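Next come the chains, spelled out residue by residue.
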Amino acid sequence: MGKTAGDALMDILVEWGVEYIFGMPGDSINSLMEPLRKHKQIKFIQVRHEEVGALAASSYAKLTGKLGVCMAIAGPGAIHLLNGLYDAKMDGVPVLAITGQVETDLLGTDFFQEVKLDRLYDDVAVYNQRAMSAEQLPTIANQAIRMALTHRGVAHLNIPDDIPRFEIEREARVTNTILVRSIAMPHPADLDSAVALLSEHRKTVILAGRGTHGAQEQLLSFAEKIKAPIVLTLPAKGAIPDDHPYSLGGLGLLGTKPAYHAMRESETLVMIGTSFPFTGFLPKNAKTIQIDTNPAQIGKRYAVDIGLAGDAAFTLQNLCDRLPEKTDAGFLSKRQGEMKDWLKKMKHQGQSDHIPLRPQTVPVALQEVIREDAIISCDVGNVTVWMARNFIVHRQKLITSSWLATLGCGLPGAIAGKLAFPDRQVVAVVGDGGFAMTMSDFVTAVKYELPIVVIVLNNSKIAMIKFEQETMGNAEFQTNLLNPDFARFAEDCGGVGYRVETRDALKEALRKAFADNKPAIIDVLVNPNEAPMPAHVSFMQAKNYAVHVLKELFED
Ligand SMILES: Cc1ncc(C[n+]2csc(CCOP(=O)(O)OP(=O)(O)O)c2C)c(N)n1
Ligand SMILES: [Mg+2]
């Protein structure tokens, strides 16, 4: 008897090293669940909402660099996956989505739960294929995974429910799991131009993006050689330690003042592995060098003088080898002085005993207890601002939904983190708005005995939006939240719950939660009125804020 297509698919997933599949079983994937059940090397993590499954798969890929896999039924399940898949697409990580479909003889009959998933997934996927026969399934599975890994995106396999049950009878074409990597090298002439520009004595600043993860040594050597401070984009947080003497922290609304000043004053900008979207924060008249493995990214949203289409580590090493050591460190040391003051200020904000607690106290308290190799999954909202600014990453790994910025990413990220790194501390730092979007899956952490710690910054508000409305000069509207008791919810799910209102209680809860080794929620009551003031407040923002205050006073 030949192998069934379902068994062949699972064999291939095992061969590619897939450890986990996140999803929810049902109708049109029953014929995939059965072979999966027999493949014990792959663990199925049953989530309570497919969006959590896709976000967990995306987070797993962000944390490990490996393929994340999620699975859902045709129709509603596949539709639920989409948000997490867009997160993977936009943050450039490899994810395989396996969806069910109505049986082949029912296709095109507007059958129960029939949604044209190949069309629906057209925009999100780098590879998007419906299985047409048992013989074809193994081949497209290999190609889907290869495309996800090489194109760092989403591959989609849509599988009609009868196909996995069929035996592979005819001799199928045989493919394997080969994956070849390449190193992109810039054009030598472009490297020459970059060396010439960087040899001039100009005030130079480096903007390092997610492409610099894994190139820390080369990035730091390069910065030291040209005496240039390094500003990190949010997805690059952790690429170098936040308290490294060359670091100026982040840029933009959640950035630092020294980074803002460095950009304003710089005469040369070197962008590495980033497609930073908020170009208003970039220099107005600097000469710019952009390094990116993908030439199509170079010059995409900002005028660039020299493009280096190459791998970050390789390109920086090449530049380092050829550049003379710069002796004038005036620009750098001025910024370093500012950064020392800024870090002091951030720490000071976090040590306030004001009640309700300032939200900045959470990252600062977390910093005191968390291990160096911990994993932090940060949700979206003001909570991102506090973590970006007030939490100093040394060696910890921090992930968030950087480009899609979807609420609800915090908890799925922590679930994936604990599965991928069971021996490390794993924390989700979430707002009350973001957490409520996916909190039903806290019970999943309990079910699979994943001792994650969820810290909820509870301000009974979608505070970031309140701030947005205010800086537009509008009155606050529809930003209050009615919350359940998050600590009791944790207990009801079989985890441990804490509700804290002071800094001491917060630190105590953090210590206990980490020691307990059980899934926990720490509900921290924080001040809803703490404004995430950008490092630089524009005149318009200040003016609008004043208009808002007047509106609040005079209206109704
Ligand atoms: C799925 C989704 N819906 C809406 C938004 C818009 N949004 C961005 S931040 C935010 C508020 C987040 O509130 P909360 O989680 O309580 O964090 P806080 O700002 O209060 O710290 C909203 C609604 C979003 N980013 N994602
Ligand atoms: Mg909130």
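Before reading further, recall that the structure is shown in the block above.
Definitions and cut-offs
- Residues numbered from 1 in each chain as written.
- Chains lettered and ligands numbered in written order.
- Predicted model: local features only at pLDDT ≥ 70, side-chain atom pairs only at ≥ 80, totals over all residues.
- Heavy atoms only, no water.
- Buried < 20%, exposed > 50% of the residue type's maximum accessible area, 1.4 Å probe, protein only.
- Helix = DSSP H or I, 4+ residues; strand = E, 2+ residues; numbered from the N terminus.
- Contact = heavy atoms within 4.5 Å.
- Polar contact = N/O pair within 3.5 Å; in protein donor to acceptor, adjacent residues only side chain to side chain.
- Axes fitted to C-alpha atoms, helices over the stretch in contact; angles between N-to-C directions.
- Parallel < 35°, antiparallel > 145°, perpendicular 65-115°, else oblique.
- Left-handed = near helix turned anticlockwise from the far one by under 90°.
- Nonpolar A, V, L, I, M, F, W, Y, C, P; charged D, E, K, R; others polar.
- Near = heavy atom within 4 Å.
- Areas by Shrake-Rupley, 256 points an atom, 1.4 Å probe, with all protein chains shown as cover.
- Phe/Tyr/Trp six-rings, centres within 6.5 Å; stacked < 30°, edge-to-face > 60°.
- Lys NZ or Arg CZ within 6 Å of the ring centre and 35° of its normal.
- Donors = N, O, S within 2.8 Å, 3.2 Å for Na, K, Ca; no water.
- Core = buried A, V, L, I, M, F, W, Y, C linked by side-chain atoms within 4.5 Å.
- Salt bridge = Lys/Arg side-chain N within 4 Å of Asp/Glu carboxyl O.

**Student:** Where do I start with helix H9 (residues 257-265) in this structure?
**Tutor:** Those residues of H9 that fall on the buried side of the exposure criterion are Pro 258, Ala 259, Tyr 260, Ala 262 and Met 263. Its buried side turned inward, H9 meets strand S7 (204-208), strand S8 (230-232), strand S9 (247-250), strand S10 (268-272) and helix H11 (330-350). You can read the cap of H9 off the contacts: a side-chain oxygen lies 3.1 Å from the backbone nitrogen of Ala 259, and it is on Thr 256.

**Student:** I keep staring at the packing of helix H12 (residues 361-369) against helix H19 (residues 503-516) and nothing clicks. Help me out?
**Tutor:** When two helices pack together, you describe them by how their axes are tilted relative to each other and by the distance separating the axes. Interaxial distance between H12 and H19 falls to 10 Å at its minimum, and their mutual angle equals 45 degrees. Taken together, the axes of H12 and H19 lie oblique to each other. For the pair H12 and H19, the sense of crossing is right-handed. Judged by residue contacts, Thr 361, Val 362, Ala 365, Leu 366, Glu 368 and Val 369 of H12 engage Arg 503, Leu 506, Lys 507, Leu 510, Arg 511 and Phe 514 from H19. Taken together, the residues that form the contact of H12 with H19 break down as seven nonpolar, one polar and four charged.

**Student:** Would you mind showing me how to read the site of ligand 1 here?
**Tutor:** Near ligand 1 you find 17 residues, and of these Asn 382, Ala 405, Asp 432, Gly 433 and Gly 434 are the closest. The contact in question runs from an oxygen atom of ligand 1 to an N or O atom on the backbone of Asn 382, over 2.8 Å. In the environment of ligand 1, an oxygen atom lies 2.7 Å from a nitrogen or oxygen atom belonging to the backbone of Gly 434. In the complex, the protein chains occlude 78% of the 590 Å² of accessible area that ligand 1 would expose alone. Looking at the shell around ligand 1, the elements that each hand over two or more residues are helix H13 (382-390), helix H15 (432-438) and helix H17 (463-471).

**Student:** Looking at this structure, I do not really get the packing of aromatic side chains. What am I missing?
**Tutor:** When we look at a pair of aromatic rings, we describe it by the centre distance and by the angle of the planes. Taken as a whole and assessed by the stated rule, the structure comprises six aromatic pairs. Judged by centre distance (6.4 Å) and plane angle (35 degrees), the ring pair of Tyr 20 and Phe 22 falls under tilted. A relative accessible area of 1% means that Phe 22 is categorised as buried. Where Tyr 20 meets Tyr 60, the ring centres are 6.2 Å apart and the plane angle is 80 degrees; that geometry is what we call edge-to-face. Remark: Tyr 60 occurs in helix H3 (residues 50-64) and Tyr 20 occurs in strand S1 (residues 20-23); sequence separation between them is 40 residues. Here Tyr 20 and Tyr 60 have matching classes, each one buried. An aromatic cluster is built from Tyr 20, Phe 22 and Tyr 60, whose rings are joined through pairwise contacts. Over the ring of Phe 421 we find Arg 424; its NZ or CZ atom is 4.3 Å from the centre of that ring.

**Student:** Help me understand the coordination of the magnesium ion (ligand 2), please; the structure alone is not making it clear to me.
**Tutor:** Each pair of donors in an ideal four-coordinate tetrahedral metal site encloses 109.5 degrees, whereas pairs in an ideal six-coordinate octahedral site enclose 90 or 180 degrees. Looking at the magnesium ion (ligand 2), the protein donor atoms are Asp 432 (OD), Asn 459 (OD1) and Lys 461 (O), and they sit 2.1 Å from it. Read from N- to C-terminus, the donor residues coordinating the magnesium ion (ligand 2) fall into the pattern D-x26-N-x1-K. For Lys 461, a relative accessible area of 12% gives the class buried.

**Student:** When you look at the nonpolar core in this model, what are you seeing that I'm missing?
**Tutor:** One recurring pattern in soluble globular proteins: nonpolar side chains tend to sit buried together. Leu 85, Tyr 121, Phe 435, Phe 442, Val 454 and Ile 521 are the most contacted members of the largest nonpolar core, which totals 52 residues. Residues within four places of Phe 435 in sequence aside, it is in contact with Asp 379, Leu 411, Val 430, Val 454, Val 456, Phe 486 and Ile 521.

**Student:** Before we go on, may I ask you to explain the pattern of salt bridges in this structure?
**Tutor:** Should their charged atoms come close, side chains of opposite charge can pair. Taken as a whole and assessed by the stated rule, the structure comprises 25 salt bridges. Here Arg 37 makes a salt bridge to Glu 34, at a shortest N to O gap of 2.8 Å. Of the two residues, Arg 37 and Glu 34 both sit in helix H2 (residues 30-38), three residues apart, roughly one turn of that helix. Exposure remark for Glu 34: the relative accessible area of 37% places this residue in the partly exposed category. As a salt-bridge pair, Lys 227 and Glu 325 come within 2.9 Å of each other at their nearest N and O atoms. Residue Lys 227 is found in the loop between helix H8 (216-226) and S8, and its partner Glu 325 is found in the loop between helix H10 (312-322) and H11; the two are separated by 98 residues along the sequence. A relative accessible area of 52% means that Glu 325 is categorised as exposed. Salt bridges here are not isolated pairs; linked through shared partners, they connect Lys 203, Glu 265, Lys 334, Arg 335 and Glu 338.

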